[in-house]
Amino acid sequence: AGAQARWGSRGRQLRHLWISGRSCQSSSDHRKGGRGRPPERLEISIDYEGQLPCAAVHSPSGATLGTDAPVDNNGRGEAFSPTDLVATALGTCMATVMGIAAQRKKVPIEGMKIKVRKHMSEDLPRRISKLEVEIEMPIPEEHPEKKLLQSTVLGCPVHHSIHPEIEVPITW
């Protein structure tokens, strides 16, 4: 029902994909990777729906996600584009690693805001050229753990996975 509320008819399609027998590990299976970490390999099933949208299913949780091509690249822009998901992955990964560090240090950072501005190249091949990250943390500048939390974003696995030619300036 939640997917249907977010995705309309696409939610019904995604729900059908999930109910129609896609294999899924139970939510506790991710713990097999040790220390609460998911296994190093993960399966995401993707169905091309035609007219450019795709539906993706995260096998461990069954969570669904729809994508569409952007308007400037023959799509309708009705959902995240694949390159939007790269920007989203970067911002959410940074928030997650900061959240892990904040929990360990018992520093509340609920309400933190991250904006990622994606810039596409003007030349071919079409690609991301820059991901500008702006982070607003709800703790005072003089907080003793602020520098530690700021340094954790550079340890984010997505940040490490981004091609070195992509600029990733971070402002606080």
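Anything mentioned here points back to the structure above.
Report follows, based on the coordinates.

Overview of unusual backbone geometry
Going from Leu124 to Pro125, the amide bond is cis rather than trans, its omega being 5°. Note on placement: Pro125 falls in the loop between strand 4 (113-120) and strand 5 (128-136). Positioned with a positive phi, Leu52 is a non-glycine residue whose angle comes to about 90°. By the secondary structure assignment, Leu52 is in the loop between strand 1 (44-48) and strand 2 (54-58). One non-glycine residue, Asn74, lies in the positive phi region at around 75°. Structurally, the position occupied by Asn74 is in the loop between strand 3 (64-67) and helix 3 (82-105). When its relative accessible area of 69% is taken as the criterion, Asn74 is described as exposed.

Examining a nonpolar patch on the surface
Together, Leu42, Ile44 and Ile46 give the surface a local cluster of nonpolar side chains, amounting to about 310 Å² of exposed area. Structurally, Ile44 is set in strand 1. For Ile44, a relative accessible area of 48% translates into the label partly exposed.

Topic: the layout of surface pockets
The computed volume of the largest pocket comes to approximately 580 Å³. Breaking the lining of the largest pocket down by element, the ones donating at least two residues are strand 1, strand 2, strand 3 and helix 3.

What to know about the pairing of strand 5
Here strand 4 runs beside strand 5; their pairing, made up of eight bridges, is antiparallel. Within strand 5, the position partnered with Lys113 by the bridge is Glu136. Two strands pair when backbone bridges link them, and strand 5 and strand 6 (residues 170-171) are joined in this way by two bridges, in the parallel orientation. Residue Glu134 lies in a different strand from strand 6, and its bridge partner there is Thr171.

Conventions used here
- Residues numbered from 1 in each chain as written.
- Predicted model: local features only at pLDDT ≥ 70, side-chain atom pairs only at ≥ 80, totals over all residues.
- Heavy atoms only, no water.
- Helix = DSSP H or I, 4+ residues; strand = E, 2+ residues; numbered from the N terminus.
- Buried < 20%, exposed > 50% of the residue type's maximum accessible area, 1.4 Å probe, protein only.
- Patch = residues over 30% accessible without salt bridge, like charges linked within 9 Å, V, L, I, M, F, W, Y side chains within 5 Å.
- Areas by Shrake-Rupley, 256 points an atom, 1.4 Å probe, with all protein chains shown as cover.
- Salt bridge = Lys/Arg side-chain N within 4 Å of Asp/Glu carboxyl O.
- 1 Å grid on protein atoms, 1.4 Å probe; cavity = no way out; pocket = protein on both sides within 12 Å on 5 of 7 lines; lining within 4 Å.
- Points joined across faces, edges and corners; volume = space filled by probe spheres on them.
- Pairing = 2+ DSSP bridges.

Remember, this is a structural readout, not a statement about activity or role.
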